[in-house]
Amino acid sequence: MKAMIIFLVFVLQGVAQLLFAQNLTIEVRDIEKTEGYLYVAIYNSQETFMKKPLAGFRVDVKDKVLSIPCKGLPAGTYAISLYQDENGNGKLDTGAFGIPTEKFGFSNDAEGVMGAPSFDKCCFSFTEDMTLVIHLK
């Protein structure tokens, strides 16, 4: 009997997560070259920002505007970073002084000074289905 109750609790928790999960669409604009990959990282805290993403994935760049669905994301506060790996080497290439030579972007189109912007500049509240537009720089 106790095992059955524990099982039902786990099932109900899973159903609750599905009921309260929303869909985020990331729309990436200002893509100049339709080649390579777009690497996307989603963060859910200041402590993990630009260190350990909650989720990360790669998308083929086949158009000048990409619409990327992220289904089932729970409500919360998030920040997104992304970059276009034009040459397919799996990293954001940089030049002198660490300045990126490939296009990149952050949620809220946030910009940093001498590095990435802060989590506070990039974060957004996600409570319902939404489309977030990010312009590559």
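Look up a bit, the structure's there.
Attention in this report is confined to the structure presented alongside it. (Residues numbered from 1 in each chain as written. Predicted model: local features only at pLDDT ≥ 70, side-chain atom pairs only at ≥ 80, totals over all residues. Heavy atoms only, no water.)

Judged from the 7 bridges that link them, strand β1 (residues 21-29) and strand β4 (residues 66-74) form a sheet pairing that is antiparallel. Across the sheet, residue Gln-22 finds its bridge partner in β4, namely Leu-73. With 6 bridges connecting them, β1 and strand β8 (residues 130-135) associate as parallel partners. Following the sheet pairing, Arg-29 is matched in β8 by His-135. (Pairing = 2+ DSSP bridges. Helix = DSSP H or I, 4+ residues; strand = E, 2+ residues; numbered from the N terminus.)

Reported here for the largest pocket is a volume of approximately 470 Å³. In this structure, the largest pocket is lined by 20 residues; those nearest its centre are Gly-98, Pro-100, Phe-104, Gly-115 and Ala-116. Those elements that provide at least two residues to the lining of the largest pocket are β5 (76-85) and β6 (104-106). (1 Å grid on protein atoms, 1.4 Å probe; cavity = no way out; pocket = protein on both sides within 12 Å on 5 of 7 lines; lining within 4 Å. Points joined across faces, edges and corners; volume = space filled by probe spheres on them.)

Here the focus is the sheet that holds β8. Pairing in this open sheet of 3 strands is mixed, and the strands run β4-β1-β8 from one edge to the other. Across the chains shown, the open sheet's two edge strands, defined by having one partner strand only, are β4 and β8. The sheet shows a mean angle of 25° between the axes of neighbouring strands, taken without regard to direction. (Axes fitted to C-alpha atoms, helices over the stretch in contact; angles between N-to-C directions.)

It is worth spelling out the packing of aromatic side chains at this point. Under the criterion given, the structure shown has 6 aromatic pairs. An angle of 75° between the planes, with centres 5.1 Å apart, marks the rings of Tyr-43 and Phe-49 as edge-to-face. The class of Tyr-43 is buried, set by a relative accessible area of 5%. The exposure class assigned to Phe-49 is buried, which follows from its relative accessible area of 8%. Grouping aromatic residues by their ring pairs yields a cluster made of Tyr-43, Phe-49 and Phe-119. It is Arg-58 that lies over the ring of Tyr-37; its NZ or CZ is 3.8 Å from the centre. (Phe/Tyr/Trp six-rings, centres within 6.5 Å; stacked < 30°, edge-to-face > 60°. Buried < 20%, exposed > 50% of the residue type's maximum accessible area, 1.4 Å probe, protein only. Lys NZ or Arg CZ within 6 Å of the ring centre and 35° of its normal.)

Turning our eyes to something else, we now look at the environment of Met-50. One can find Met-50 in the loop between β2 (37-43) and β3 (55-60). Relative accessible area serves as the criterion here: at 41%, Met-50 is assigned to the partly exposed category. Each C-alpha atom of the pair Met-50 and Ala-116 lies 8.2 Å from the other, and the pair is 66 residues apart in sequence. Non-local contacts of Met-50, meaning those with residues more than four positions away in its chain, are made with Tyr-43, Ser-81, Phe-106 and Ala-116. (Contact = heavy atoms within 4.5 Å.)

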